[in-house]
Amino acid sequence: MTPSIINSETLSDGTRVVIASTCGVCSQMIRIEVKNDKVQSVQFFGGCHGNGQGVAALCRGMKVSDVTARLKGIRCGDKRTSCPDQLAQILEQMNVTGK
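From a predicted model like this one, the values you see are computed outputs, not experimental measurements.

Student: How should the overall build of the protein be read in this particular structure?
Tutor: When its secondary structure is counted, the protein shows three helices and four strands. Scanning the protein from its N terminus toward the C terminus, one meets helices and strands in the order β-β-β-β-α-α-α. Taken over C-alpha atoms, the radius of gyration comes to 12 Å for the protein, in line with the 13 Å a tight globule of 99 residues would show. The buried share of the protein, taken over its 99 residues, is 39%. Here the contacts in the protein between residues at least 6 apart in sequence split such that 37% fall between residues at least 24 apart. On the protein, roughly 5,500 Å² of surface is accessible, and the fraction owed to carbon and sulfur atoms is 51%. The average position of the 12 basic charges and that of the 8 acidic charges among the side chains of the protein differ by 2 Å.

Student: I keep staring at a nonpolar patch on the surface and nothing clicks. Help me out?
Tutor: Together, I6, M29 and F45 make up an exposed nonpolar region whose accessible area comes to about 250 Å². The topology assignment puts M29 in strand β3 (residues 27–35).

Student: Got a minute to help me understand the pairing of strand β4 (residues 38–46) in this structure?
Tutor: A regular strand places its side chains so that they alternate between the two faces of the sheet. As paired elements, β3 and β4 share eight bridges and run antiparallel to each other. Considered in β4, the bridge of R31 is made with Q43. Connecting the antiparallel pair β3 and β4 is a turn made up of two residues, with N36 showing a positive phi of about 50°.

Student: Any chance you could explain helix α2 (residues 64–71) here in plain terms?
Tutor: Note on helix geometry: an α-helix contains 3.6 residues per turn, so any two residues three or four positions apart are oriented the same way. Turning to α2, its buried residues number three or more, namely V64, V67, T68 and L71. The arc that holds every buried residue of α2, seen down its axis, measures 95°, which confines them to one face. Exposed residues lying more than 90 degrees from the buried face of α2 are A69 and R70. Count one or two residues on from α2 and you reach G73, which has phi positive near 95°.

Student: Is there a simple way to explain the sheet that holds β3 in this structure?
Tutor: Two pairing modes exist for strands in a sheet, parallel and antiparallel, and in both the strands are linked by backbone hydrogen bonds. Spatially, four strands are ordered β1-β2-β3-β4 in an open sheet, and the strand pairing comes out antiparallel. Whereas interior strands pair on both sides, the edge strands pair on one side only; in this sheet they are β1 (4–10) and β4. In this sheet, adjacent strand axes meet at a mean angle of 15° when their direction is disregarded.

So, how was this worked out
- Residues numbered from 1 in each chain as written.
- Predicted model: local features only at pLDDT ≥ 70, side-chain atom pairs only at ≥ 80, totals over all residues.
- Heavy atoms only, no water.
- Helix = DSSP H or I, 4+ residues; strand = E, 2+ residues; numbered from the N terminus.
- Rg over C-alpha atoms; globule rule 2.2 N^0.38 Å.
- Buried < 20%, exposed > 50% of the residue type's maximum accessible area, 1.4 Å probe, protein only.
- Contact = heavy atoms within 4.5 Å.
- Areas by Shrake-Rupley, 256 points an atom, 1.4 Å probe, with all protein chains shown as cover.
- Lys, Arg positive; Asp, Glu negative; His and termini not counted.
- Charge placed at Lys NZ, Arg CZ, Asp CG, Glu CD.
- Patch = residues over 30% accessible without salt bridge, like charges linked within 9 Å, V, L, I, M, F, W, Y side chains within 5 Å.
- Salt bridge = Lys/Arg side-chain N within 4 Å of Asp/Glu carboxyl O.
- Pairing = 2+ DSSP bridges.
- Arc of directions from axis to C-beta.
- Axes fitted to C-alpha atoms, helices over the stretch in contact; angles between N-to-C directions.

Set out below in structure tokens:
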């Protein structure tokens, strides 16, 4: 259940913007902005709007490694993943692959 980065760009101010498709969860895509190893913003497209907003607000300003450590492995019901877990996996892909 691995999400896929479908678009990635680095803005002139150094902000990295990634859009990724999710797998096995209610949200279809996640848009993430990271600058200086800190999450600037997260947007979930689809899924539970309130939970998406809550996760996004909690992640804002956090170090990428802290977000990943807290969210990786969270499950939703009987699914093997969740929207927060998908976010953590995307952040890991951003750091590892440099996409």
